Amino acid sequence: MLTLMEVLCTECGACVPVCHVNALRLTISGLKIDQNLCDDCKVCALICPVSALQIEEKELETV
Ligand code: SF4
Ligand code: SF4
């Protein structure tokens, strides 16, 4: 799942146009991720100049 480190994000908007499913939106309250659209392609995470976007691998359940 893609997560945003809000403390790092400068709201530069650079990640918004690179998303191929338009899952990213810059709003007055910061960058928003539409998790229903995001397919974890990592493109936005790679282009973010401050590495504010990170893909968290789903933890393996052991129960
Ligand atoms: S590219 Fe990075 S710093 Fe810029 S708006 Fe996106 S997450 Fe924030
Ligand atoms: S990981 Fe890919 S699909 Fe998800 S928000 Fe970033 S660019 Fe869009």
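Here the structure is shown first, and the text comes after it.
Okay, so let's go over this structure. (Residues numbered from 1 in each chain as written. Chains lettered and ligands numbered in written order. Predicted model: local features only at pLDDT ≥ 70, side-chain atom pairs only at ≥ 80, totals over all residues. Heavy atoms only, no water.)

**A short note on the overall build of the chain**
Cut-off, in case you're wondering: Secondary structure elements follow DSSP: runs of H or I no shorter than four residues count as helices, runs of E no shorter than two count as strands, and numbering proceeds from the N terminus. Exposed residues in this analysis have more than 50% of their type's maximum accessible area, buried residues have under 20%, and partly exposed residues fall in between, with area computed by a 1.4 Å probe over protein chains only. By definition, residues are in contact when any of their heavy atoms lie within 4.5 Å. Method for areas: the Shrake-Rupley scheme with a 1.4 Å probe, in which residue coverage is limited to the protein chains shown. Charged-residue counts in this description rest on Lys and Arg as positive and Asp and Glu as negative, His and the chain ends being excluded. Charge positions are represented by NZ for Lys, CZ for Arg, CG for Asp and CD for Glu.
When helices and strands are counted, the chain shows 1 helix and 4 strands. Along the chain direction, N to C, the helices and strands of the chain fall in the order β-β-β-α-β. Residues classed as buried in the chain amount to 27% of the 63 residues present. Long-range pairs, those at least 24 residues apart, make up 53% of the contacts in the chain with a sequence separation of at least 6. Counting every atom, the chain has about 4,700 Å² of accessible surface; 55% of that belongs to carbon and sulfur. Across the chain, the centroid of the 4 positively charged side chains sits 5 Å from that of the 9 negatively charged ones.

**Looking at the site of ligand 2**
The test is simple: The cutoff for a nearby residue is simple: one of its non-hydrogen atoms must lie within 4 Å of the molecule or strand. Classes in brief: Ala, Val, Leu, Ile, Met, Phe, Trp, Tyr, Cys and Pro nonpolar; Asp, Glu, Lys and Arg charged; the others, Gly included, polar.
The immediate surroundings of ligand 2 are formed by Leu2, Cys19, His20, Val21, Ala23, Leu24, Cys38, Asp39, Asp40, Cys41, Lys42 and Cys44. Classifying every residue of the shell around ligand 2 gives 8 nonpolar, 1 polar and 3 charged.

**Overview of the nonpolar core**
Among soluble globular proteins, nonpolar side chains are generally buried collectively. What counts is decided by this rule: Residues grouped as a nonpolar core are buried Ala, Val, Leu, Ile, Met, Phe, Trp, Tyr and Cys residues, joined through side-chain atoms within 4.5 Å.
Counting 14 residues, the largest nonpolar core has Leu2, Leu4, Cys15, Leu24, Leu31, Cys44 and Leu53 as the members making the most contacts within it. At the level of secondary structure, the elements contributing two or more residues to this core comprise β1 (2-4), α1 (43-47) and β4 (53-55).

**As for the pairing of strand β2 (residues 24-27)**
Rule in force here: The pairing criterion is simple: DSSP has to find at least two bridges between the two strands.
In the sheet, β2 pairs with strand β3 (residues 30-33) via 4 bridges, with the strands oriented antiparallel. Within the sheet, the bridge partner assigned to Leu24 lies in β3 and is Ile33. Here β2 hands over to β3 after 2 residues, the two strands then running antiparallel side by side.

Purely geometric numbers; function is a separate question.
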